[in-house]
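What the coordinates show
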Amino acid sequence: MNVEWVHPGLLLIIGAWLVPLLKGRARQVAMIALPAAALVDCILMQPGTHGVVPFLGQELVFGRVDRLSLLFSYVFSIIALLGMIYSLHVDDDAQHVAALTYAGAALGVTFAGDFLTLFLFWELMALSAALIVWLRRERAAVAAGFRYLLVHVFGGLCLLGGIVLYWSHTGTLAFGDLSRDAGSAAFALILIAFLLNAAVPPLGAWLPDAYPEATATGAVFLTAFTTKSAVYALIRGFAGTEILVWLGAAMAVYGVVYAVLENDARRLLAYHIISQVGYMVCGVGIGTELALNGASAHAFAHILYKALLFMGAGAVLQVTGLRKLSDMGGLYKTMPVTFALYMVGAFAISAVPLFSGFVSKSMVVSSAGESHRATIFLLLTLASAGTFLHTGLKLPYYMFFGKDRGLPAREPPSNMLVAMGLAAAACVLIGVFPALLYGYLPFPVDYAPYTARHVMATLGLLGFTALGFFALLAHLDPEPTVSLDTDWFYRKGAVVILNWSRGGLARAEDFVAQISDVVMRRLVLGAAANLRELDARVIDATAVGVGRVTQATSRGLSSAVSGHAQHYGLIMTAGVLAAIAIAIFAW
């Protein structure tokens, strides 16, 4: 970081620690000013390579600035700003520091030009995200935060192992297209790490496990950064990887199916994150310019409308304390503004014409059609219908309409409504004027979303979905159940391992006790008895014998003390002769 180039991520990370030093209005100003400054920094940034630091014969690149990194930096900064506005009423400095650090780490990943820099910010994202979950300060949140951290530590180890192998094989840490290393262990480990952060099943159960347990404001930040920074990394390193096509299509359907079963409003929205990220992963796998543009555009649009949806659910949680759809109903009377703004996000995620999802999601679906992938095209289309069914119809119906339970609700604080309004405006603006987004995509765009055929096909699909929903409404009532996902394996597996380890420790203790009994009683005590006998018979007898010899010698020498000098001379001469004789014998 120098005068010519200031890293927006470090601006947020360092600036976050100023927030606890301020109080009242000054703190609120800082909360808005920091992400606003980061956004301005990104807008003014010039393409090129910045922030290069020599390290162990390598170059650490903190600022690789191109169209792809700039696009993601814009939306990361925008959502950090909206998230801070949404959080202005929260009097918890720790939450604000964690959220700004999390956003700064995501920007660090976006501009990282080498694997070591990527890894450092990657791990900082994991730590700050876990802290955001913990800061709800409830038992379920603490447990979910620890599971989140353990899963992401595993992902970090995979990434680090892949980086080490890649470095040893290529001699460079530069982060770019990895297709030339396809099939290598480094390629596989790095891909697994990216897929885990993208929440690709069966590696994605951490997302619906952790995100709903965060605070109403913290969950808004969680929806934006981890999965989308993974999509960015996949675009950068794994474009055109065939397995991503099928994994992405499976994700799109997988998230929708689990949303069918879900009663918790925020878990339902969390599963739809998996579904929507599936479109992006699929686009990365297809790898054409249209597909990569679609993945990038959909990531941009998704961050905005998914944040808006979580803001709406968070507003309901804020004023009612409720998360279960089976406990809600009739809120449109007391929260009409929240309902209207939520529906903008619901229409956007459902790809309704004139909303942002329509101009981004369709790029990925169209790329599947142009690549003659009929099965993928069908799966993505079905997932789109399922998205409207549950996020656009089921959730708002049972949350805001349904059975009126007379809940004492009201509109949330004004700052929350302002943030929701800005996000809703962005969803509509992009939907009406797609060129505002298309002009910043990585490749030149030759795609027109508003064709008569496309609009009519979309409206037909949405119309039949709505007809089916209301026809089957009596059978769609949410039930207070919990859906088992692949997290069952590591949850139950951890219990089995813990119980086994406890039993193993008990067995080990008995084994050590038996060894101690053999060693101490038979060997050590037996050796002690033998040594005692040796001491009595040998050492003591030797000491007594030496004493007796010394005593006899002293008596003999005492008789030589006569008082005559010639006797002493004779004795000295004899001693010298004896010493000479001993020396000659030894030589």
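Scroll up for the structure.
What comes next is a walk through the structure.

1. Quick notes on the overall build of the protein
- Counting its secondary structure elements, the protein contains 21 helices and two strands.
- Residue burial in the protein is summarised as follows: out of 587 residues, 51% are buried.
- The long-range share in the protein, meaning contacts at least 24 apart out of those at least 6 apart in sequence, stands at 81%.

2. Things to note about the packing of helix α14 (residues 336-349) against helix α16 (residues 374-400)
- With their axes 8 Å apart at the nearest point, α14 and α16 run at an angle of 165 degrees to one another. Accordingly, the angle class assigned to the pair α14 and α16 is roughly antiparallel. The interaxial crossing formed by α14 with α16 has right-handed handedness. Between α14, through T338, F339, Y342, M343, A346, F347 and I349, and α16, the contact on the second element is made entirely by T387, F388, T391, G392, L395, P396 and F400.
- Taken together, the residues of the contact of α14 with α16 break down into 10 nonpolar, four polar and no charged.

3. A few points about the pattern of salt bridges
- In the structure shown here, the tally under the stated rule is 12 salt bridges.
- The partner of D91 in a salt bridge is R27, and the shortest N-O contact between them spans 3.1 Å. Note that D91 is positioned in the loop between α3 (67-86) and α4 (93-111) and R27 in helix α2 (residues 24-44), a separation of 64 residues in sequence.
- Exposure remark for D91: the relative accessible area of 66% places this residue in the exposed category.

4. Focus: the environment of R180
- Along the polypeptide, R180 turns up in the loop between α6 (139-170) and α7 (185-197).
- Assessed through its relative accessible area of 60%, R180 is described here as exposed.
- Within polar-contact distance, the side chain of R180 engages the side chain of Y166 at 3.0 Å.
- A polar contact of 3.1 Å, which involves the side chain of R180, links it to the backbone oxygen of D177.

5. A word on helix α12 (residues 265-286)
- End to end, α12 covers 32 Å across 22 residues, agreeing with the expected 32 Å (1.5 Å per residue, within 8%).
- Burial runs high along α12: 22 of the 22 residues are buried.
- The N-cap residue of α12 is D264: its side-chain oxygen and the backbone nitrogen of R266 are 2.9 Å apart.
- Looking at the residues trailing α12, positive phi occurs at G287, about 80 degrees.

6. Some remarks on a nonpolar patch on the surface
- Taken together, the side chains of L354, V428, L429, V432, F433, L436 and Y450 make up a nonpolar region of the molecular surface, amounting to roughly 600 Å² of accessible area.
- Examining the composition of the nonpolar patch, we find that three residues originate from one element, helix α17 (residues 414-432), more than from any other.
- Along the chain, V428 turns up in helix α17.

7. Overview of unusual backbone geometry
- The amide bond that connects P201 to the next residue, P202, takes the cis arrangement and shows omega of 5 degrees.
- Relative to the helices and strands, P202 resides in the loop between α7 and α8 (206-210).
- Within the chain, L56 stands out as a residue other than glycine whose phi angle is a positive 50 degrees.
- Mapping L56 onto the fold places it in the loop between β1 (48-55) and β2 (58-65).
- The phi dihedral of A199 falls on the positive side, at around 65 degrees, and the residue is not glycine.
- Residue position: A199 is located in the loop between α7 and α8.
- For A199, a relative accessible area of 0% puts it in the buried group.

8. Some thoughts on α2
- Its 21 residues give α2 an end-to-end C-alpha distance of 31 Å, which sits within 8% of 30 Å, the value for a rise of 1.5 Å per residue.
- Within α2, the full set of buried residues consists of R27, A30, M31, L34, P35, A38, L39, D41 and C42.
- Buried residues along α2 sit in contact with α1 (8-15), α3 and α4.

9. A closer look at the environment of R405
- Examined against the element boundaries, R405 turns out to sit in the loop between α16 and α17.
- Once the C-alpha coordinates of R405 and M328 are considered, the two residues, 77 residues apart in sequence, prove to be 6.8 Å apart.
- Setting aside residues no more than four positions away along its own chain, R405 makes contact with S326, D327, M328 and G329.

The rules we used
Residues numbered from 1 in each chain as written. Predicted model: local features only at pLDDT ≥ 70, side-chain atom pairs only at ≥ 80, totals over all residues. Heavy atoms only, no water. Helix = DSSP H or I, 4+ residues; strand = E, 2+ residues; numbered from the N terminus. Buried < 20%, exposed > 50% of the residue type's maximum accessible area, 1.4 Å probe, protein only. Contact = heavy atoms within 4.5 Å. Axes fitted to C-alpha atoms, helices over the stretch in contact; angles between N-to-C directions. Parallel < 35°, antiparallel > 145°, perpendicular 65-115°, else oblique. Left-handed = near helix turned anticlockwise from the far one by under 90°. Nonpolar A, V, L, I, M, F, W, Y, C, P; charged D, E, K, R; others polar. Salt bridge = Lys/Arg side-chain N within 4 Å of Asp/Glu carboxyl O. Polar contact = N/O pair within 3.5 Å; in protein donor to acceptor, adjacent residues only side chain to side chain. Expected span 1.5 Å × (residues − 1). Patch = residues over 30% accessible without salt bridge, like charges linked within 9 Å, V, L, I, M, F, W, Y side chains within 5 Å. Areas by Shrake-Rupley, 256 points an atom, 1.4 Å probe, with all protein chains shown as cover.

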